[in-house]
Amino acid sequence: MAPEENEASISVLLKEKRSYPPPKAFAKSARVSSAAARGRLQARGRKSPEKFWEQAARELVWSKPWRRTLDWKAPRARWFVAGRLNASVNCLDRHLSGPRRNKAAIVWEGEPGETRTLTYLQLHREVCLFANALKGLGVVKGDRVAVYLPMIPEAAVAMLACARIGAVHSVVFGGFSAESLRDRINDQGAKVVVTADGGWRKGAVVRLKDAVDEAAKSCPSVTAVVVLKRTNTEVTIHEGRDHWWHRLTAKASADCPAEPLDSEHPLFILYTSGSTGKPKGILHTTGGYLVQTAWTTKNVFDLREEDVYWCTADVGWVTGHSYVVYGPLACGATVLMYEGAPMHPRPDRFWDIVERHRVSILYTAPTAIRAFMKAGDEHARAHDLSSLRLLGTVGEPINPEAWRWYREVIGGGRCPIVDTWWQTETGAILISPLPGATAAKPGSATLPLPGVDAEVVDRAGRPVPPGAGGYLVVRRPWPAMLRTVWGDEERYKSQYWSQIPGMYFTGDGARRDKDGYFWILGRIDDVLNVAGHRLSTMEIESALVGHPAVAEAAAVGRPDELLGQAVAVFVTLKGGRAPSPELKEELREHVARAIGPIARPSEIRFSDALPKTRSGKIMRRLLREVAAGRAIQGDVTTLEDLSVLARLQQDEES
Ligand code: WTA
């Protein structure tokens, strides 16, 4: 592994040394246009985060002003107390009385190539129709609605329609399996499921409705399923339960006054993986979430009226919530939305889209950037990318090589890059450059945004010196923070607010350099980050143990050039079952079926024992090393010396 080590130390060196000031032409007209200007904002945020966020909140439309900005009794925060507003009004209605009325809100492109544009006026109408359709199905304020749709405008319509009537949406990524969908529906007790006959992905139809049918067999809370016709795929319609979207909206009224909601009214639940137990339903509320997603959209992306803004995330992830739907629509942006796979039908699909729609802001994930880089420069070079003026990344640390490629080949050297750190739980970006003000260092998310008190600390909560590793925490509440884990307040307290006394613990390790820049070192718990998506080792292990041949399983992440981390699993079989390539394939499929294709292990190793501590805990650190160290040996199916390793380790401990 010598070359890899070398590369790692070189990139650490480069991380330290190279700094890219904001391109002059960009900085000149940026919203925040110098380090000094950012400094002033930071100072304001430090002096009084409440005042800082209060000013941001004034940019939204409130039907009743708040009485107090923050009510904080750890770990319970209430922002803009007693204020009333509606997220759909802020994303739609308020734009209708000015020049944005007929501006494109969503420019959509399907994978097969068709396009559709919805102006703010048209989107508003669709949302009102669908909100009334939901009401007609008996959905009332506070009810949960599960949304299981492809990347089509109706995903945003469904979310905003829920927000309009005070229903709580819970979007489930269309790549998740029926089983995962069922667990999420049952955890939240969803009344209605919104889905489509299918969606396009890599030229094939993903049969979403079939998955819903399978899931709904054991979802007693579901009284209705709404089905959008997208692919014209044959589906089974369950009379009495299933309704076609177009039939419901054809009958509905386009007049749907928005419900004025308390600032702390739940807006959505989004499930994400934790280190223990089943996925957690992260609950976000209305006022604080909208204030901070809008502020960050405007300032981190330096958003302009004429921008064509493209965040490539699926609405099934938090990035799709905050930076495809709520943040940009609250700012009146033109949002580009693309349904399908990044390299379909050719590796230049993204660049073709950028060229044809004149995209000016592109926000995507390091894993995608690495895949494009690998596919070769020629695909990007074949297109006119001169409309781009700002690039962003999110989801995992970006390696400096990919960062530079993004800057040069995609950004033509003229576009600043914002490397944005945040989480499902934080709701909005917390650590990021402001593109006209902050010098970038490839691989660093740079500095906490104004009004955000992030720090790297030791176990006792003391800041660590520059260069030293520690835990990434947030010391004061921020408006878009999660409010609880749905149905599990204890877990909320213990996972986020108990590990480092008095602070929010992110689960990430980090260090700060001498300039105060943050370098995220990755998760310190058992959460994997595969292609920017969070998976827990525990979910994968329980899926494996559910297979009749498996006695025990341990999942770990191993470094992967493309995915960031790949899933590697160690499996011990039940007596009488022998390892074989077929079984290996079967187990990989088994995990993909149970959770979704993103969880499919890249590597499976059979072993007759797993290394454990005396108390019986699997020694993941050891397995991680084994997985990383032996990755190049390809097809070694059994790990003969694992039990030896285990014995050695046990000897060491005793
Ligand atoms: C990681 C995605 C380094 C981190 C918005 C975090 C990052 C987890 C970055 C959250 C970044 C996200 N640099 N690491 N710019 N952005 N991460 O909940 O480990 O899907 O805790 O939210 O992704 O993933 P989640």
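This is a predicted model, so every value here is computed, not measured.

### Digging into the overall build of the chain
Here is step 1: Helix and strand counts for the chain stand at 21 helices and 30 strands.
Here is step 2: Compactness check: the chain gives a C-alpha radius of gyration of 24 Å against a globular reference of 26 Å for 654 residues, within 12% of the reference.
Here is step 3: Each principal axis of the C-alpha atoms in the chain carries an extent, and together these give about 75 × 65 × 55 Å.
Here is step 4: Taking all 654 residues of the chain together, 61% fall into the buried category.
Here is step 5: Expressed as a percentage of contacts within the chain between residues at least 6 apart in sequence, the contacts between residues at least 24 apart total 72%.

### Side note on the environment of Glu541
Here is step 1: Relative to the assigned elements, Glu541 resides in helix 18 (residues 537-545).
Here is step 2: Placed 30 residues apart in sequence, Glu541 and Val571 show a C-alpha to C-alpha distance of 9.2 Å.
Here is step 3: Other than its neighbours up to four places away in sequence, Glu541 contacts Ala553, Ala554, Ala555 and Arg620.
Here is step 4: At 2.9 Å, the side chain of Glu541 and the side chain of Arg620 are in polar contact.

### Remarks on a positive patch on the surface
Here is step 1: Taken together, Lys64, Arg67, Arg84 and Lys141 make up a surface patch of like positive charges.
Here is step 2: Here Arg84 lies in strand 3 (residues 84-85).
Here is step 3: Since its relative accessible area comes to 30%, Arg84 is described here as partly exposed.

### Considerations on the sheet that holds strand 22 (residues 469-474)
Here is step 1: Ordered in space as 21-22-24-25, the four strands form an open sheet in which the pairing is antiparallel. Both edges of this open sheet fall to strand 21 (454-457) and strand 25 (518-523), since each of them pairs with a single strand only. Pairwise comparison of adjacent strand axes, ignoring direction, gives a mean angle of 45° for this sheet.
Here is step 2: For strand 21 and strand 22, the ladder comprises four bridges, and the chain directions are antiparallel.

### A look at the sheet that holds strand 16 (residues 308-311)
Here is step 1: Sheet architecture is open: seven strands sit in the order 5-4-17-16-18-19-20, paired in mixed fashion. The two strands at the open ends of the sheet, each matched to only one other strand, are strand 5 (115-119) and strand 20 (417-420). For this sheet, the mean angle separating the axes of adjacent strands, direction not counted, is 20°.
Here is step 2: Both strand 4 (residues 104-109) and strand 5 contribute to a ladder of five bridges, which runs antiparallel.

### What about the pattern of salt bridges?
Here is step 1: For the coordinates displayed, the defined rule picks out 49 salt bridges.
Here is step 2: Between Lys191 and Asp143 there is a salt bridge; the shortest N-O distance is 2.8 Å. Of the two residues, Lys191 sits in the loop between helix 8 (178-188) and strand 8 (192-196) while Asp143 sits in the loop between helix 6 (120-136) and strand 6 (144-148), which places them 48 residues apart along the sequence.
Here is step 3: We classify Lys191 as partly exposed; its relative accessible area is 24%.
Here is step 4: For Asp143, a relative accessible area of 14% corresponds to the buried category.
Here is step 5: Several salt bridges converge on common partners, so that one network encompasses Glu109, Arg349, Asp352 and Arg356.

### Considering the site of the ligand
Here is step 1: Near the ligand you find 17 residues, and of these Asp419, Thr420, Thr424, Asp508 and Arg534 are the closest.
Here is step 2: In the model, a nitrogen atom of the ligand is placed 2.7 Å from a nitrogen or oxygen of the Thr420 main chain.
Here is step 3: For the ligand, an oxygen atom lies 2.8 Å from a polar atom in the side chain of Asp508.
Here is step 4: Burial of the ligand by the surrounding chains reaches 96%, relative to a free accessible area of 530 Å².
Here is step 5: If you list the elements that add at least two residues to the shell around the ligand, you get helix 12 (318-330), strand 20 and strand 25.

### As for helix 17 (residues 489-496)
Here is step 1: Within helix 17, the full set of buried residues consists of Arg491, Tyr492, Gln495 and Tyr496. Projected onto a plane normal to the axis of helix 17, the buried residues spread over an arc of 105° and lie on a single side.
Here is step 2: Against the buried residues of helix 17 lie strand 15 (280-285), strand 23 (484-485) and strand 24 (504-512).

Conventions used here
- Residues numbered from 1 in each chain as written.
- Predicted model: local features only at pLDDT ≥ 70, side-chain atom pairs only at ≥ 80, totals over all residues.
- Heavy atoms only, no water.
- Helix = DSSP H or I, 4+ residues; strand = E, 2+ residues; numbered from the N terminus.
- Rg over C-alpha atoms; globule rule 2.2 N^0.38 Å.
- Buried < 20%, exposed > 50% of the residue type's maximum accessible area, 1.4 Å probe, protein only.
- Contact = heavy atoms within 4.5 Å.
- Polar contact = N/O pair within 3.5 Å; in protein donor to acceptor, adjacent residues only side chain to side chain.
- Patch = residues over 30% accessible without salt bridge, like charges linked within 9 Å, V, L, I, M, F, W, Y side chains within 5 Å.
- Areas by Shrake-Rupley, 256 points an atom, 1.4 Å probe, with all protein chains shown as cover.
- Salt bridge = Lys/Arg side-chain N within 4 Å of Asp/Glu carboxyl O.
- Lys, Arg positive; Asp, Glu negative; His and termini not counted.
- Charge placed at Lys NZ, Arg CZ, Asp CG, Glu CD.
- Pairing = 2+ DSSP bridges.
- Axes fitted to C-alpha atoms, helices over the stretch in contact; angles between N-to-C directions.
- Near = heavy atom within 4 Å.
- Arc of directions from axis to C-beta.

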